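Notes for the structure review
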Amino acid sequence: MTQEDYERWMRVAIEAGRANPINPYGCSIVDITRGEVLETGVNHANEDPTNHGETDAIRKLIAKTSPNLPNFRNLILFTTGEPCCMCMAYILYCGFKEVIYGVSFPDFLPYWSGSINLRCREVLARIGTPGAAEPQLPGCIVTGPFLEEECKQLWPALSKK
Ligand SMILES: [Zn+2]
């Protein structure tokens, strides 16, 4: 897969985000073995505080493949904003190969009165409990910010113009 493929897939997430002009957190999930977008999602936190762009796309994909699970190790999740700690936990429990985000978490401070101050790479770094009997989660590659300026255009207060 080329850089152009990754940019195209992030732009799918950007387009998905436009469905919610207030909270334009958009997401796309790509099967990297087939180069195919399997699902998209957008933030629905006004209806369900736990339904962010990432969880929307993940829940829809799981519903689509039920009763089987998707092969998450072949999947990359693109999201216009850095995953919050809840979404990052979803991503790690599912076992995604990689997550690629557009805008970094601290850049959203103008929009937030308060949130949980935990970056996605910090969540990743906390995988595993010393001495635990259960196997650790496989972890994933975190890439970002990616296409940051294009993603910032979704949020008027973040864009330079
Ligand atoms: Zn989230």
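Whatever comes next refers back to the structure up there.
None of the values given here were measured: they were computed from a predicted structure.

A word on the environment of asparagine 23. Following the sequence through the fold, asparagine 23 ends up in the loop between α1 (3–17) and β1 (26–31). For asparagine 23 and alanine 45, which are 22 residues apart along the polypeptide, the C-alpha to C-alpha distance reads 8.3 Å. Leaving out residues up to four positions away in the same chain, asparagine 23 has contacts with Asn43 and Ala45.

Compared with the 18 Å implied by 1.5 Å per residue over 13 residues, the 19 Å span of helix α2 (residues 53–65) between its first and last C-alpha is a close match. Of the residues making up α2, those classed as buried are Gly53, Glu54, Thr55, Asp56, Ala57, Ile58 and Leu61. Tucked inside the fold, the buried residues of α2 contact α1, β1, β2 (36–42), β3 (75–81) and α3 (85–94).

β1 sits mainly inside the fold: five of its six residues count as buried. With six bridges connecting them, β1 and β2 associate as antiparallel partners. Bridging across to β2, isoleucine 29 finds its partner in glutamate 39. Counted between consecutive antiparallel strands, the loop separating β1 from β2 contains four residues, among which glycine 35 sits at a positive phi close to 65°. Strand direction decides the pairing type here: β1 and β3, joined by five bridges, are antiparallel. Bridging across to β3, cysteine 27 finds its partner in threonine 79.

The next subject is unusual backbone geometry. Note: most residues except glycine have negative phi, and most peptide bonds are trans. The peptide bond linking serine 66 to proline 67 adopts the cis configuration, its omega dihedral lying at 10°. Along the chain, the position of proline 67 falls in the loop between α2 and β3. The linkage connecting glycine 144 with the following residue, proline 145, adopts the cis geometry, with an omega of 0°. Residue position: proline 145 is located in the loop between β5 (141–143) and α5 (148–152). A positive phi angle, close to 50°, is found at leucine 147, a residue other than glycine. You can see leucine 147 is positioned in the loop between β5 and α5.

Conventions used here
Residues numbered from 1 in each chain as written. Predicted model: local features only at pLDDT ≥ 70, side-chain atom pairs only at ≥ 80, totals over all residues. Helix = DSSP H or I, 4+ residues; strand = E, 2+ residues; numbered from the N terminus. Contact = placed C-beta atoms within 7 Å. Expected span 1.5 Å × (residues − 1). Buried ≥ 20, exposed ≤ 12 C-beta atoms within 10 Å, placed from the backbone. Pairing = 2+ DSSP bridges.

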